[in-house]
Every structure is written in C-alpha cells, then in structure tokens.
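Spelled out, the chains give:
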Amino acid sequence: MGIRSGTMYAAGVASIGLSFASWLTSQTMEKAGTDRADRWGIFIGQWAPTFFAVGIALRIEETHADSRAMSGGTFEETYTEGRMPSRAGV
C-alpha cells in the first residue's frame, strides 16, 4: 500500500501531541469539566501504541523484504529442508 514504518512512527508521535491538544482544548473550551477532557485525551492517546505496533510490524517486513531480495529468493525458497528456522529475536 506504500505506507512505510516511518509514517506510522510519525503518526504515533502526532497522536500523542493531538491527545494533549484535545485534552487542553476540551479543558478550556467546554464547560463539561475535567472528566470529559480526560476522556478525550485518553481516547486519542490510545491510538499511539497501535501506530507504533504497526510501525514495528512494517519495519520487520521492510527488513525481511530487503534481506530476501539480497539473498535472491523468498523466505520459503531459502529454507527447503522441511523445517522452518526460529524467528525468535526478530
């Protein structure tokens, strides 16, 4: 789809800033009180871990795609002995 890991990391950082901005705006502009401002801040703040997780997954895919291209084959073509290598620590 053309989305890079750096884009997702930037979206995570932006959502942290947006969370603070929405909390501050709700706190000062609305008369609903601190509870509502807290809910807005938490709602938007929960996006950040998702963006960072997707960014990590994309980084892994980018790294593996580069190593597969350099080795001249796909992951499945490289390991034909009937057993898959451990992906621990990837």
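Above this note sits the structure.
Residue numbers run consecutively from 1 along every chain, following the written order of its sequence. Thresholds applied to this predicted model are a pLDDT of at least 70 for local features of residues and 80 or more for the giving and counting of side-chain atom pairs; totals over whole chains, interfaces and linings are not thresholded and use all residues. In computing side-chain values, all of the structure's heavy atoms are included and hydrogens and water are not.

A word on the pattern of salt bridges
Each salt bridge in this description consists of a side-chain nitrogen of Lys or Arg and a carboxyl oxygen of Asp or Glu lying within 4 Å of one another. With the rule as written, the count across this model stands at two salt bridges. Among the ionic pairs, Arg4 bridges to Glu62, the shortest N-O distance being 3.7 Å. Residue Arg4 is found in the segment before α1 (5-29), and its partner Glu62 is found in helix α3 (residues 47-71); the two are separated by 58 residues along the sequence. The exposure class assigned to Glu62 is buried, which follows from its relative accessible area of 17%. Between Glu62 and Arg59 there is a salt bridge; the shortest N-O distance is 3.9 Å. Helical segments are the DSSP runs of H or I of at least four residues, strand segments are the runs of E of at least two, and each set is numbered from the N terminus. Buried residues are those whose accessible area, probed at 1.4 Å on protein chains only, stays under 20% of the maximum for their type, while exposed residues exceed 50% and partly exposed ones sit between those limits.

Quick word on the packing of aromatic side chains
Geometry of aromatic contacts follows a simple scheme: Phe, Tyr and Trp rings, the Trp one being its six-membered ring, pair when their centres are within 6.5 Å, and the pair is stacked under 30 degrees between planes, edge-to-face over 60, tilted otherwise. Summed over all chains, the structure comprises two aromatic pairs. Ring centres 5.6 Å apart and planes at 75 degrees place the aromatic pair Phe43 and Trp47 in the edge-to-face group. Residue classification places Trp47 among the partly exposed residues on the basis of a relative accessible area of 35%.

Overview of the side chain of Ser22
As for its position among the elements, Ser22 is in helix α1. Residue class for Ser22 comes out buried when judged on its relative accessible area of 15%. Here Ser19 takes part through its backbone oxygen, which lies 3.0 Å from a polar atom of the side chain of Ser22. Only heavy atoms matter for contacts: two residues are in contact if any of them lie within 4.5 Å across the pair. Aside from chain neighbours lying at most four places away, what touches Ser22 is Trp40, Gly41 and Ile44. By the criterion applied in these results, polar contacts are pairs of N or O atoms within 3.5 Å in which, for protein atoms, one can donate a hydrogen and the other can accept it, and in which residues neighboring in sequence qualify only through two side-chain atoms.

Side note on the environment of Leu18
Position of Leu18 among the secondary structure elements: in helix α1. The spatial distance from the C-alpha of Leu18 to the C-alpha of Gly41 is 8.2 Å, given a sequence separation of 23 residues. Ignoring sequence-local partners within four residues, the contact set of Leu18 consists of Ile44 and Trp47.

Digging into the side chain of Ser26
Here Ser26 shows up in helix α1. When residues no more than four places from it in sequence are discounted, the contact partners of Ser26 are Arg36, Ala37 and Trp40.

Structural notes on the environment of Ser19
Tracing the sequence through the fold places Ser19 in helix α1. A relative accessible area of 12% means that Ser19 is categorised as buried. Along the primary structure Ser19 and Trp40 are separated by 21 residues, whereas in three dimensions their C-alpha atoms are 7.3 Å apart. With near-sequence residues (within four places) excluded, Ser19 lies in contact with Gly41, Ile44 and Gly45.

None of the figures reported here should be taken as evidence of function without further support.
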